[in-house]
Each structure stands twice: as structure tokens, then as C-alpha cells.
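The lines below spell out each chain.
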Amino acid sequence: MARSSSLSEAEAGITCFASSLPGFRGVLKHRYSDFIVHEVARDGATVRLNSFDLPTECVDVKEEEKAAPSADADHSEALEAFRALCGDADCDALRGILERVAAGGDSDVSPVILKPDADKAHRSEVHNFFKKNFKFLVTDTVEHSDGVQRCIRVRLGSGAGGGRGGGGGRGRKRKNMGDSGWRDDRPFDSRGSSNWSDNVGKFLRFHLYKENKDTQEALGVIGKMLGLQPRSFGFAGTKDKRAVTTQQVTVFKVQASRLAALNNRLFGIKVGNFCYVKEGLVLGQLMGNRFTITLRFCALAAVLGVVAESEDIIKAAVDGLGKNGFINYYGLQRFGSGSVPTHLVGAALLRGEWKSAVNLILDPREGERDDINEVRKHYKEHGDIDMALRNFPRYLVAERAILQCLKKCPGNYLQALKGIPRTLRMMYVHSYQSYLWNHAASMRVDKYGISQVVEGDLVYSKECTPGEAASVDTSEADGADTGSSEIDLCSEAQPEEAIHSVKKVDSEDLLKGTYMFDDVVLPLPGSQALFPGNEIADIYHEIARKDGISLTWNAHGVKEFSITSMKGGYRRVFQRPIDFEWELMTYTDDSSSLAETDLDVLSRTKPTEANELVSSGISGHQSQDKMETPSDASVSTNGSRSLENMPIGSPDTLPKKVAIKLAFTLPASCYATMAIRELLKASTSVCRISENTQLLNLFLTSIVNLNCDAIFKQLEVLKNGGLGSALGICPSYFQ
């Protein structure tokens, strides 16, 4: 049964704060350019898009490639060898495509499909035969609509001879396929050019800049243009959708020029900073993320004269975040943005309820686009798999994978679940681990506070001795693609760091004062993870029992969906922001950008290149309105900007609005939204933000139109604690 709303923070176990300092109210992600994320690579460098230049390394064609036979050469000897390998029918089909190529009618050369071949080793031999003897032809494997038969498809490669998957011909109309049942509508398989110099790294690394798109969606667009499958790309972590983000991505044997040529066709996406490297990226290969977050305040606070009175509160809260840090909860993104939290799917998997898990993923849900929900409803009522596959967008990776498997094997729900890419399907189980961790963290803080270490706490061991520590490797990513509509894999949601030494604090440790609260960790349940030696361990088993799950034995024999078959891991309970900076500013136009993106910087430093890209529609957040920074605003010694002497709330001018811009770095797997929650002392729920923004807009509209009746009505809402509560204004203020 689908829920009627998204998961609340309390339901996700997010209930405590690190400090008792009062918060203030601001709007998070009012515009997606208010949330800027730059990946921090393993070498500590911040990843930015600042160049579109091609690398100096040249991917030259190998000498043996240059000597390969051309399309109009004599292929009689190779054809006879192919006849011995594949038979008369396939040889005749190959001869036909060679004759059409030799005749010069490249545009009319349609792919041909060889006879079905169930022997994978033989198919590999055929692929290698073409790579050796027909460099200008490209092969890949396609499957029949029955999901069983497979055969090799042969097509003409790109003009340069792209090897297997050279990328040419994607736009060609495919003729004469008829109703054979072969799935020839899929993109041509592309595993990188075989024409590659030994002196150049086999992976192209580039910086991916995207606006208001998640990582999988952006790479899906690029992959479609290049004829690549999503799994061809490697990246260290997925980034927030409603944000402007820059991260490193790798792709196997793709020339930089091909990727750079896409920039003028990409909307909301740009690629640059190209270089060739020896190894591709996998999940978790990053140090962290650098965030630039703008919290927009309301004009209402300025109109009522509250901002000036609240400057001390704001400064204390921001300084408190930098000094005291925050509870290192898994944010709501970990549990999905829809009305079906991913930890519920994970719980069903852990119980072995395969059909229930499938239904949770496929069933209609609140808050989704109407057209997608209609497809869900139609499938639930009629079971029409073909209709659902035609209408589900490609970013619904889990749903489409399940339906494709159910089409092949009706009723086999376990097999359907295994059809989901591994990293994505494991995220459901990891989400349940995160759910338990959050509740345990809240109990630890609520029961013992954050000022001290207590006996039985788990800590990173500073002096590891045999028998005291547990070595746990929690990285389980296998490089599969992780796209999903419902899991908002934010920039911080990465595999946990490998923990090599964890121990339970004993009385001797307490006497020595060896450990501080910063050292305390809590486990993600698994076969090799220790539980705390105090009451906090009980919360794990208590919640799991309520959900019908055991953390000590398997309910079924499927290892990947069993906690006892997973190693487990640890996570710090407490986190401080790194290199923390903040600034207060005023603005009047809600559409103005208050922080520079990479493209904004390029517009200043390389205006010609940047303007060409902007003209192609990249930067939807940009506006002609300029950020206002009053000249009489004083700057404090810590780099923050003071509100003192700012002309806020002048009765003869439009009210200025106040924003605070924060910049800080967090390690991989830490959630920036949890830092913002600590600052505001308010929920990060999307519903809460949306509701508050709606109330604010109503009030501001009344002020601008000088509609007194509407103003008084909205003030009544404020008095009753609606927007007033959201802004940190007590109802008594309006008495």
C-alpha cells in the first residue's frame, strides 16, 4: 500500500541536534543554482569546469590499423575463411554488405543480422574475426524478443574506422528488418575504439558540469549521442539533481574530440578538462565534496524588522555550526524522494518477500508526474508490460529492468529483482542499514549527549592490538550504473570508507581520556561489524524485529539480500564542516543568482567560449539581474559580512531580502542537508520547504499589491504559527 506522503525526518530516525543554539529560517534550493557542488578528487583537488581545450596527447591510429584492408579491396580469401567459420548463409549476407559498400552507397548500407548463435565463445571468435579482417565493419550482439536467442549484428563503421562500436551509423534508418523479432532498435554497442595508441591512457577523463539533472540522466543523454550504454561511464559518486554540480567522469577509449563536439548540442550539461588516464573511476574514489549553498530569507522578516534583531542569532548559529558540527545522519535523499521510501523495499528484500518488493517499486505513488503515475496504474490493473515499457522513461531504471525480466520469465519476481543493476538493487538494502543507523544515532545522542565518550561506545582505535579491532570493508560497488527515479543519490551518498580498526571503549580508556566524541562510530549491520557494548545495540535488534527481520540469521538463501551475508561497516556519529566560510548579503530579485557557477567564472575569464555555450541554452539559472552587495556593509574578521548599517526595511523602498551564502567541504558519504538542518533547526523535508515558500509568496504578493485585506489574512496565518514558525518568528510577535 503506497504512502500518501514522503518520508518525514522523524520516520527516518532524524530527531536530534548537536547544539541547543536557536536556529533561523531560510529557504533551501529556492533556485537550483543556490546549491552548487564541486567534487573533491582523491588528490584533494576541487573539480571545476574551466577549460574546453583538447588534450595534447594524440590518439593515433596504429600502424597495423593503417595497413588494414579497405572496403574496396579483394576480400575473397577472408570470405572463404568466414564461410568455414559461420556457414554459407552468413557468408552470403556478408558478401552482400561488402558489395553495397564497394558500390559507394554508404547511406543505403543497412545492418545485417547473422544467424542465431547460442555459443558465446563462437560469437567472440566471430567478433575477433571482423576486428582482424574487416576493420571498416562493426559488430555487436543483439537478442531476440523471446529473450533467449542471440545473434551478431554487422554494420558499416564510421568513416575513420571506429572498430567495434566506432559510433557511426546511429542515425541511419534500419531497413529490411521486418518483423523478425530481433531487437535491432537498441543502441549499437560501443566498447571503445580498437584504433588506440599504446602511448595514451585507454580512458578519457573529463569534468561533467550539469544543471538541474542527476548524474545518470546527464550521462544517459551523452551516452545516447555517442551510442554508449550507461555502464560505459565511470564516476566516483552521483550528485544532487536540483543543483549545479561538477564532477569527474571516465569513459573507455573515446576520443576527446568526439565528446567536446557534443557541447553545442547539450542542454544543461557541459563537458571539458579532458585528459587520458590509465584507469577508470569507480564509486567511492573521491575525497569528498565542496558545497556552496545559498539560503534565501524572506522579505517578510525585513518588513517586520526582525532581521536586524536576529543578526546575533544568525551569527551564533553559523559560528556554532562551524565549531560544533552536526549529527552525521543519512539525509532524506538516502531514502528516496517519492512516497515509497527505499528502506521499505530493502526491508521486503531482507524478509524474502520478492513480489512485495516488486510491487513497491512498480505500484502508483503520490507526488510523481501524472503521466508516469497513469502508466503505473494501467500496469497494476491490466498487467500490460509492453505498454509500460513503451511509456516508462529510461531514467526509471529499476522499473524497466523488472518489467523486461518479467516479460521473459513471468512470475519470477526474484529474477526480476536481480535484473536491476547491482549497485542500484543493493542500495535498497543499504538504505535499510542507514535507517537503522539513524535511529541508533538519535538514541546515542539523546541518551548520552555529545560531550563525552561512554563505556561501550565504538571508536576508531588509536592503538590497535590483535583481538580488539574489526577489519571491515564496506565498499561493495561493482561499477554498475545506479540510475533510479526514486533514489535521489545525492553527492554525499557514497559507499562508506573502509574502517580497519574499531574497538569498544572500556573503563581504562575513560580514565586515560584517550578518546573524544569525535571518535565515536556506530555500525551499519553486517557479519563483520561490531555492535556497541551498551544499550545502543538494542535499538538495532528492536527495530529490525518490528520489521520482521533478523540481524543474526537469514530468512532466505539469497546472499545479496541478506544482512548476515554483508560485511557491514561503520560511520562517524559527528561531523564538522571543513574550510567553513559564510557571508550575509541582500538582494531584491528572486531570480538573481547569488553565487557563481563554473560557467559564470568562464564568462569572466573566457567570455568568447562561454558565450557560445550559453547561447546554446546551457545556463538556465542565469539572469541579467545582478547581486546586490551594499557598499556600506562591513566585513568582519572571520570573513563573514555583517548586517550592521544595511538599509533593510526602508518604508519608501521595496523590501530587501536577506540571504546567507555558505561554503564548506564534507568527506564522502556526509550529507550537506544535515549540516543545513543543524543551522536552521528545521526539517529539510521537501514538503516543508514547498509549503513555506508558498505561504511566503502569498504574503509578498499582498505586500507588492498593497492588498490590505490579503495582508491581514496572511498575518493571521503567521499568528497561528504557519510561516511565522518557518521563519523563526513567534506567534506572540503579532499580538
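Thresholds applied
Every chain is numbered on its own, with residues counted from 1 as its sequence reads. For this predicted model, a pLDDT threshold of at least 70 governs which residues receive local features, and a threshold of 80 or more governs which side-chain atom pairs are given and counted, while totals over whole chains, interfaces and linings are taken from all residues. Note that water and hydrogens are dropped before the side-chain values are worked out from all heavy atoms of the structure. By the criteria applied, helices consist of DSSP H or I runs no shorter than four residues and strands consist of E runs no shorter than two, each listed in order from the N terminus. Residue burial is assigned from relative accessible area. The probe radius is 1.4 Å, only protein chains are included, and a residue is buried under 20% of its type maximum, exposed over 50%, and partly exposed in between. Should DSSP find at least two bridges between two strands, the strands are regarded as paired. All axes are obtained by fitting lines to C-alpha atoms, using only the stretch in contact for helices, and the reported angles, taken between N-to-C directions, cover 0 to 180 degrees. Note on contacts: a residue pair qualifies if any of its non-hydrogen atoms lie within 4.5 Å across the two residues. pLDDT expresses how confident the predictor is about each individual residue, on a scale running from 0 to 100. Any two of the Phe, Tyr and Trp rings considered here, Trp counted by its six-membered ring, make a pair once their centres fall within 6.5 Å; the pair's planes then place it as stacked at under 30 degrees, edge-to-face at over 60, or tilted in between. Polar contact is the term for a pair of N or O atoms within 3.5 Å; when the atoms are in protein, one must be able to donate a hydrogen and the other to accept it, and sequence-neighboring residues count only if both atoms are side-chain atoms. Under this scheme an angle from 65 to 115 degrees is roughly perpendicular, one under 35 degrees roughly parallel, and one over 145 degrees roughly antiparallel; angles in between are oblique. Under this grouping Gly is polar, as are all residues other than the nonpolar Ala, Val, Leu, Ile, Met, Phe, Trp, Tyr, Cys and Pro and the charged Asp, Glu, Lys and Arg. What counts as a salt bridge is simple: a side-chain nitrogen of Lys or Arg found within 4 Å of a carboxyl oxygen of Asp or Glu. Note on terminology: disulfide denotes any pair of cysteine sulfur atoms within 2.5 Å. As used here, the term nonpolar core means buried Ala, Val, Leu, Ile, Met, Phe, Trp, Tyr and Cys residues forming a set that is joined through side-chain atoms within 4.5 Å.

## Section: the overall build of the protein chain
From N to C terminus, the protein chain includes 23 helices and 18 strands. A buried classification covers 54% of the 735 residues belonging to the protein chain.

## A closer look at the sheet that holds strand β14 (residues 520-524)
Strand-to-strand pairing in sheets goes through backbone hydrogen bonds, with the strands running parallel or antiparallel. Sheet architecture is open: four strands sit in the order β13-β12-β14-β15, paired in antiparallel fashion. Looking at the sheet topology across the chains shown, the edges are occupied by β13 (502-504) and β15 (569-572). Averaged over all pairs of adjacent strands, the angle between their axes in this sheet comes to 50°, without regard to strand direction. Here β14 runs beside β15; their pairing, made up of four bridges, is antiparallel. The partner of leucine 524 across the bridge, within β15, is glycine 569. On top of the sheet, helix α15 (residues 422-448) reaches β14 and β15; it is set at about 145° to β14, its chief contact.

## Notes on the confidence of the model for the protein chain
Here the protein chain shows a mean pLDDT of 77. Residues at 70 or above account for 70%. Scored below 50 in pLDDT, residues 687-696 shows 17 contacts in the model against residues more than four places distant or in partner chains.

## Some points on helix α20 (residues 672-680)
The α-helix winds at 3.6 residues per turn, so residues separated by three or four positions along the chain end up facing the same way. Most of α20 sits inside the fold, with nine of its nine residues counted as buried. Of the positions making up α20, those classed as buried are Ala672, Thr673, Met674, Ala675, Ile676, Arg677, Glu678, Leu679 and Leu680.

## Quick notes on the pairing of strand β2 (residues 35-40)
Across the six residues that make up β2, a large majority, six, are buried. Alternating positions in β2 separate into two faces, Phe35, Val37 and Glu39 on one and Ile36, His38 and Val40 on the other, with burial throughout. Two strands pair when backbone bridges link them, and β2 and strand β10 (residues 288-296) are joined in this way by six bridges, in the antiparallel orientation. When the bridges of β10 are listed, isoleucine 36 appears paired with threonine 292.

## A few points about the environment of histidine 75
By the element assignment, histidine 75 lies in the loop between α1 (63-66) and α2 (76-86). We classify histidine 75 as buried; its relative accessible area is 8%. Counting along the chain gives 23 residues from histidine 75 to leucine 98, while the straight-line C-alpha distance between them is 8.6 Å.

## Concerning the sheet that holds strand β4 (residues 137-143)
The three strands lie next to each other as β3-β5-β4, forming an open sheet whose pairing is antiparallel. This sheet does not close on itself; its edge strands, each paired only once, are β3 (112-113) and β4. Sheet analysis places β3 next to strand β5 (residues 150-156), joined by two bridges and oriented antiparallel. If you follow valine 112 over to β5, its bridge partner there is valine 154.

## Focus on the packing of aromatic side chains
Scanning the entire structure with this criterion turns up 16 aromatic pairs. Between phenylalanine 82 and phenylalanine 130 the ring centres are 5.4 Å apart and the planes differ by 75°, which places this aromatic pair in the edge-to-face class. With a gap of 48 residues between them, phenylalanine 82 in helix α2 and phenylalanine 130 in helix α4 (residues 120-133) connect regions that are remote in the sequence. On the basis of relative accessibility, which here comes to 0%, the residue phenylalanine 82 falls in the buried class. With a centroid separation of 6.1 Å and 50° between ring planes, the pair formed by phenylalanine 580 and phenylalanine 664 is classed as tilted. Residue phenylalanine 580 is located in strand β17 (residues 578-587), and its partner phenylalanine 664 is located in strand β18 (residues 657-667); the two are separated by 84 residues in the primary sequence. By relative accessible area, phenylalanine 664 is classed as buried at 0%.

## Structural notes on the environment of glutamate 581
Its location among the elements puts glutamate 581 in strand β17. A C-alpha to C-alpha distance of 9.3 Å links glutamate 581 and valine 318, two positions 263 residues apart in sequence.

## A closer look at the side chain of serine 442
Assignment of secondary structure puts serine 442 in helix α15. Using a relative accessible area of 8% as the deciding quantity, one classes serine 442 as buried. Within polar-contact distance, the side chain of serine 442 engages the backbone oxygen of glycine 13 at 2.5 Å. In this structure, serine 442 is in contact with Gly13, Ile14, Thr15, Cys16 and Tyr329, ignoring residues within four places of it in sequence.

## A closer look at the packing of α2 against α4
Closest axis-to-axis distance for the α2/α4 pair is 11 Å, and the angle between their directions is 175°. One element, α2, and the other, α4, form an angle in the roughly antiparallel class. For the pair formed by α2 and α4, the contact residues are Ala78, Ala81, Phe82, Leu85 and Cys86 on the first element and His122, Glu125, Val126, Phe129, Phe130 and Asn133 on the second. Partitioning the contact of α2 with α4 into residue classes produces eight nonpolar, two polar and one charged.

## Considering the pattern of salt bridges
Counting across every chain of the model gives 27 salt bridges. The salt bridge involving glutamate 535 is made with lysine 447; its shortest N-O contact spans 3.4 Å. On the criterion of sequence distance, the pair formed by glutamate 535 in the loop between β14 and α17 (536-546) and lysine 447 in helix α15 is long-range, its members being 88 residues apart. The class of glutamate 535 is partly exposed, set by a relative accessible area of 40%. Overall, lysine 447 belongs to the partly exposed group, its relative accessible area being 39%. Between lysine 657 and aspartate 590 there is a salt bridge whose closest N-O contact spans 2.9 Å. Of this pair, lysine 657 sits in strand β18 while aspartate 590 is found in the loop between β17 and α18 (598-605), placing the two residues 67 residues apart along the sequence. With a relative accessible area of 25%, aspartate 590 lands in the partly exposed category. Within this structure, Glu80, Arg83 and Asp88 form a network of salt bridges that share partners.

## Considerations on the packing of helix α9 (residues 342-351) against α15
Where α9 meets α15, the axes come as close as 7 Å, and the angle between the chain directions of the two elements is 100°. In terms of orientation, α9 and α15 fall into the roughly perpendicular class. Packed against α9, whose contacting residues are Thr342, His343, Val345, Gly346, Ala347, Leu349 and Leu350, the element α15 presents Arg425, Tyr428, Val429, Ser431, Tyr432 and Tyr435 at the interface. A breakdown of the residues in the contact of α9 with α15 according to their chemical character gives eight nonpolar, four polar and one charged.

## Quick look at the state of the cysteines
Tallied over the full model, the rule gives zero disulfides. Distance from the sulfur of cysteine 405, which forms no disulfide, to the nearest cysteine sulfur (cysteine 409) is 7.1 Å. Using a relative accessible area of 34% as the deciding quantity, one classes cysteine 409 as partly exposed.

## Notes on the nonpolar core
In terms of nonpolar packing, the biggest core is built from 105 residues, with Leu295, Leu417, Tyr432 and Ile660 touching the most fellow members. In terms of residue count, α15 provides more of this core than any other element does, eleven residues in total. Excluding its chain neighbours within four sequence positions, the residues that come into contact with leucine 295 are Val27, Leu28, Val658, Ala659, Ile660, Leu662, Ile676, Leu679 and Leu680. Ranked by size, the runner-up nonpolar core spans 24 residues in total, among them Leu228, Val254, Leu259 and Leu262.

## Comments concerning the environment of glutamine 575
Position of glutamine 575 among the secondary structure elements: in strand β16 (residues 574-575). Note: C-alpha distance between glutamine 575 and alanine 18 (557 residues apart in sequence) is 9.7 Å. Discounting residues that sit within four places of it in the chain, glutamine 575 has contacts with Gly325, Phe326, Asn328, Leu666, Pro667 and Cys670.

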